[in-house]
Amino acid sequence: MSAELSSLDGRARIHAALGDPARLAIVDALTLGDASPGEIAHTLDMPTNLVAHHVKVLTDAGLVVKGRSEGDRRRTYLRLRPETLAALATPRLAGVGRVVFVCTHNSARSQLAAALWKQRARGAVASAGTKPATRVHPRAVAVAHRHHLDLDPTGTAHVADVVRRDDLVIAVCDNAHEELTGPLRPRLHWSVPDPVRVDTDEAFEVAYADLADRVDRLAPAILPGGPR
């Protein structure tokens, strides 16, 4: 089969997968954040068996991938493959003032996400942790330095001392997403693997690249003109 025909077949599968309103609703729900099948079922008021069917179609079309939670290994999170869906318009988020990125220790992912938002979106931003460490992880400081990010190595904080009512709270780790409830419940969830568990420069670079891509996707939904 020629490369051109293969490409056309792949595009046709994507269009077919998006041709169902329920599957398009699932894609819309995953555009800015990750979610478990159960969360999708709750958000869309859809039976779990029907969600499973539609997720399989989306996965087979290369639109969605699955990953195990780092917090509760029984849970699975779905994430969108944006490269497959480049033509889909990003939904707008109205009324967003400050963005607050949250992880467990506020020592790596949330710090890098906030620094990226400050650099690329130049909007109001903060970061916090559910169990903050006393300092930012040295490898996070190093990767921030390599990418010219402004990051305070001692500036960690607890979510209760940072989050305000009108903040857009984004959990950048599975544990924070699963632990935070009530008024502090994150509006968005980014299932970014913890680079501290691997503790190599490469793992931190992978986390940085993942967060940078997500920041660039989120910015157009909040700021006119997107990333600067």
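Residues numbered from 1 in each chain as written. Predicted model: local features only at pLDDT ≥ 70, side-chain atom pairs only at ≥ 80, totals over all residues. Heavy atoms only, no water.

The name recorded for the chain in an unreviewed UniProt entry is Helix-turn-helix domain-containing protein, from Micromonospora halotolerans.

**Brief notes about the overall build of the chain**
Along the backbone of the chain there are 10 helices and 6 strands. Computed over its C-alpha atoms, the radius of gyration of the chain comes to 18 Å, within 12% of the 17 Å expected for a compact globule of 228 residues. The principal-axis extents of the C-alpha atoms in the chain amount to approximately 55 × 40 × 35 Å. For the chain, buried positions account for 46% of its 228 residues. Sequence separation of 24 or more characterises 68% of the internal contacts of the chain that already satisfy a separation of 6 or more. About 11,500 Å² of surface is accessible on the chain, with carbon and sulfur atoms providing 53% of the total. (Helix = DSSP H or I, 4+ residues; strand = E, 2+ residues; numbered from the N terminus. Rg over C-alpha atoms; globule rule 2.2 N^0.38 Å. Buried < 20%, exposed > 50% of the residue type's maximum accessible area, 1.4 Å probe, protein only. Contact = heavy atoms within 4.5 Å. Areas by Shrake-Rupley, 256 points an atom, 1.4 Å probe, with all protein chains shown as cover.)

**Some thoughts on the state of the cysteines**
Tallied over the entire structure, the rule returns 0 disulfides. For the unlinked cysteine Cys173, the closest cysteine sulfur is that of Cys103, found at 5.5 Å. (Disulfide = S-S within 2.5 Å.)

**A few points about the confidence of the model for the chain**
Counting all residues, the mean pLDDT for the chain is 90, and 92% of those residues have values of 70 or more. In the model, residues 1-6 has pLDDT below 50 throughout and makes 2 contacts with residues more than four positions away in sequence or in other chains. (pLDDT = per-residue confidence, 0-100.)

**Notes on unusual backbone geometry**
Here Asn106, not a glycine, exhibits a phi torsion of approximately 55 degrees, which is positive. Mapped onto the secondary structure, Asn106 falls in the loop between β3 (99-103) and α5 (109-120). Of note, Arg122 is a non-glycine position whose phi angle comes to about 55 degrees, a positive value. Examined against the element boundaries, Arg122 turns out to sit in the loop between α5 and β4 (125-129). Judged by its relative accessible area of 59%, Arg122 falls in the exposed class.

**Focus on the sheet that holds strand β5 (residues 168-171)**
The 4 strands are arranged β4-β3-β5-β6 in an open sheet whose pairing can be described as parallel. Where the open sheet ends on each side, the last strands, each with one partner, are β4 and β6 (188-189). Pairing geometry for β3 and β4, over 5 bridges, is parallel. Bridged to Val100 within β4 is Ala126. (Pairing = 2+ DSSP bridges.)

**A short note on the environment of His15**
Positionally, His15 belongs in helix α1 (residues 3-18). Assessed through its relative accessible area of 59%, His15 is described here as exposed. Between the C-alpha atoms of His15 and Ala61, which are 46 residues apart in sequence, the distance is 8.9 Å.

**Section: the nonpolar core**
Ranked by internal contacts, the top residues of the largest apolar core, which has 49 residues, are Phe101, Trp117, Ile170, Trp190, Leu218 and Ile222. Only β3, α5, β4, α6 (138-146), α7 (159-162), β5 and α10 (201-222) provide two or more residues apiece to this core. Beyond its immediate sequence surroundings of up to four residues, Trp190 is in contact with Leu32, Gly33, Asp34, Phe101, Ile170, Ala171, Val172, Cys173, Leu211, Arg214, Val215 and Leu218. Counting 19 residues, the second-largest nonpolar core is a separate cluster that includes Ala17, Ala22, Ile26 and Val55. (Core = buried A, V, L, I, M, F, W, Y, C linked by side-chain atoms within 4.5 Å.)

**Notes on the packing of aromatic side chains**
Using the criterion set out here, one finds 2 aromatic pairs in the structure. Each member of the aromatic cluster is reached from another via a ring pair, and the members are Phe101, Trp117 and Trp190. (Phe/Tyr/Trp six-rings, centres within 6.5 Å; stacked < 30°, edge-to-face > 60°.)

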